[in-house]
Amino acid sequence: ATHALDGDPEQYLPQNKSRTMYYTNDTIPYPITGTLQSRKKLPPFITELNEGRQRWKRRFNQSRMMRNGENQYQYMMKNIYRMATEVSTTSGRLIKKIEEQGDLDNTLIIFTTDNGYFHGEHQLADKWYPHEESVRVPLIIRDPRMDPKYKGTTNDDFTLNVDLAPTLLGAAGLQAVPGMMGRDMSVLYRDDATVPSGVAQQHDDTTTGEQQSAQSHPQQQQQQQQQARQDPPLQRRHPLNVNPNAHLSAKQYPWREEFFYEHPVLGHKAYIPSSEALVRKDWKYMYWPDYDREQLFDLRMDPIEDNDRIQDPDPYVRGILSEMRHRFQELRGWVHSNATVTL
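Every chain is numbered independently, its residues counted from 1 as its sequence is written. In keeping with the predicted nature of the model, local features appear solely for residues at pLDDT of at least 70, side-chain atom pairs appear and are counted solely at 80 or more, and the whole-chain, interface and lining totals rest on all residues. In computing side-chain properties, one takes all heavy atoms of the structure into account and sets aside hydrogens as well as water.

So, the side chain of lysine 78
And step 1. By the secondary structure assignment, lysine 78 is in helix α4 (residues 72–100).
And step 2. Only 3.4 Å separates the side chain of lysine 78 from the backbone oxygen of threonine 24, close enough to count as a polar contact.
And step 3. The contact criterion used is simple: two residues touch if any of their non-hydrogen atoms lie within 4.5 Å. Apart from the residues within four sequence positions on either side, lysine 78 is in contact with Tyr23, Thr24, Asp26, Ile28 and Glu70. Only DSSP runs of H or I with at least four residues qualify as helices, and only runs of E with at least two residues qualify as strands; both kinds are numbered from the N terminus onward. Polar contacts here mean pairs of N or O atoms no more than 3.5 Å apart (in protein, one a potential hydrogen donor and the other a potential acceptor; neighbouring residues in sequence count only if both atoms are side-chain atoms).

Dropping the structure here:
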């Protein structure tokens, strides 16, 4: 895995042969937000005491030179890529062995990881926070049950780590435990799949129609965003209360359009503060409980999360913020309750 060895000055340690085989003549692009200007836009409590800042200094500081003459960022990133290539090569060998044994068409393969990673974005390193670089993870699935039209395609639906267990259980023909909050991901690539059903109740918490404009041609975005301010709001669904005795087809079972994120404080709040968020494809609401600090990002217009809209006086943005605050508290309450829900 592409883990760092924290006590080693080189941090990332690929195999010796990988150092000369891969990426020696490549230049890894530096992130757009890897600047002092972007770092100053972070909440003020992310100081030099923050572990994300300390690890950035050890890994991604372009002004520091390494023993081979490369700047620190290039040196570290190439070694990270080399380690990722080693993982890919080993995965290929495992799949080849499964194929040789005649079991490939009876094996579900899921390739993923446990967290995202800052590679110098916002002048941070590692993970722990609600930013896109930290919460997004790779997910590749090879499933013999997959409908042919889905093979080799990508999907931008929200899938979560809590979906892994129900997916594996479903592949084994077993019912997920009712207390599990995730869903069987095979419904996203199997038209014949069935899943536990519940009542997808509509409620009064809404968001504006701006979400509709995301699928339009870029030349139409500005006009549609203006129209979105006047359109009726789009309703969002509650989580589904699971009834294990009933089933709906995948087409009848709406997939999630948002999710609640949380990460606890580690050590103390100056070191790694706790963080929470309500994440959608168009907007993200962040909350830092230790400091009672909010942030709001328009992911369509600002996918690098460099422009916090929390203080924006625009009535449209204030409406988004109000609705997301309410929905955030609602989801947070469900997740922390004893209720049996599927998110």
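Topic: the side chain of aspartate 126
And step 1. Take aspartate 126: it is sitting in strand β3 (residues 125–126).
And step 2. Polar contacts involving the side chain of aspartate 126 include one to the side chain of arginine 59, which spans 2.8 Å.

Concerning the pattern of salt bridges
And step 1. For salt bridges, the criterion is a side-chain nitrogen of Lys or Arg within 4 Å of an Asp or Glu carboxyl oxygen. Counting across every chain of the model gives 32 salt bridges.
And step 2. Glutamate 48 is the partner of arginine 53 in a salt bridge, and the nearest nitrogen-oxygen pair spans 3.1 Å.
And step 3. Residue glutamate 51 is joined to arginine 55 by a salt bridge in which the shortest nitrogen-to-oxygen separation is 2.8 Å. Separated by four residues within a single helix, glutamate 51 and arginine 55 lie in helix α3 (residues 51–59), roughly one turn from each other.
And step 4. Type-normalised accessible area, obtained with a 1.4 Å probe on protein chains alone, sets the label of each residue: buried when under 20%, exposed when over 50%, and partly exposed for intermediate values. With a relative accessible area of 9%, glutamate 51 lands in the buried category.
And step 5. Judged by its relative accessible area of 12%, arginine 55 falls in the buried class.
And step 6. Through salt bridges with shared partners, a single network forms among Asp6, Glu51, Arg55, Arg58, Arg59 and Asp126.

Focus: the layout of surface pockets
And step 1. With a 1 Å grid laid over protein atoms only, a set of points is called a cavity when a 1.4 Å probe fits there but cannot get out and a pocket when it is open yet has protein on both sides within 12 Å along at least five of seven lines; lining residues have an atom within 4 Å of a point. Grid points are joined across faces, edges and corners, and a volume is the space filled by probe spheres set on the points. In this structure, the second largest pocket occupies an estimated 700 Å³ of space.
And step 2. In this structure, the second largest pocket is lined by 26 residues; those nearest its centre are Thr2, Ala84, Thr113, Asn115 and Pro138.
And step 3. Elements with a minimum of two residues in the lining of the second largest pocket: α3, α4 and β1 (109–112).
And step 4. Top element by residues in the lining of the second largest pocket is α4. It accounts for five residues.
And step 5. Following the grouping adopted for this structure description, the nonpolar residues are Ala, Val, Leu, Ile, Met, Phe, Trp, Tyr, Cys and Pro, the charged ones are Asp, Glu, Lys and Arg, and the polar ones are all others, Gly among them. Per-class residue counts for the lining of the second largest pocket are 10 nonpolar, eight polar and eight charged.

Quick look at the packing of α3 against α4
And step 1. Where helices are involved, their axes are fitted lines through C-alpha atoms of the stretch in contact, as for all axes, and angles between N-to-C directions lie from 0 to 180°. Their axes nearest at 8 Å, the elements α3 and α4 cross at an angle of 95°. It follows from the interaxial angle that α3 and α4 lie roughly perpendicular. Between α3 and α4, the residues in contact are Trp56, Lys57, Arg58 and Arg59 and Gln72, Tyr73 and Met76, respectively.
And step 2. Across the contact of α3 with α4, the residue classes break down as three nonpolar, one polar and three charged. Roughly parallel covers angles under 35 degrees, roughly antiparallel covers those over 145, roughly perpendicular covers 65 to 115, and oblique covers all other angles.

Quick word on the pairing of strand β10 (residues 275–280)
And step 1. With respect to burial, β10 is a largely interior element, six of its six residues being buried.
And step 2. Neither face of β10 is open: one carries Ser275, Ala277 and Val279, the other Glu276, Leu278 and Arg280, and all of them are buried.
And step 3. When DSSP finds two or more bridges between a pair of strands, those strands are recorded as paired. Judged from the six bridges that link them, strand β9 (residues 258–263) and β10 form a sheet pairing that is antiparallel. Bridge pairing in β10 places tyrosine 261 opposite alanine 277.
And step 4. Taken together, the four bridges between β10 and strand β11 (residues 283–288) define a ladder with antiparallel strand orientation. Of the residues in β11, the one forming a bridge with leucine 278 is tyrosine 285.
And step 5. Counting the residues in the hairpin turn of β10 and β11 gives two residues.

As for α3
And step 1. What α3 keeps buried is the set Glu51, Gly52, Arg53, Arg55, Trp56 and Arg59.
And step 2. Where α3 begins, the side chain of asparagine 50 points an oxygen toward the backbone nitrogen of glycine 52, at a separation of 2.8 Å.

Some details on the nonpolar core
And step 1. What we call a nonpolar core is a set of buried Ala, Val, Leu, Ile, Met, Phe, Trp, Tyr and Cys residues that are connected through their side-chain atoms within 4.5 Å. Counting 18 residues, the largest nonpolar core has Ile46, Leu124, Tyr129, Phe259 and Trp288 as its most contacted members.
And step 2. For this core, the elements supplying multiple residues, two or more each, are β9, β10 and β11.
And step 3. Ignoring any residue separated from it by four or fewer positions in sequence, one finds isoleucine 46 in contact with Arg53, Leu124 and Trp288.
And step 4. One finds Trp283, Leu296, Val317 and Ile320 within the second-largest nonpolar core, a separate group that totals 17 residues.

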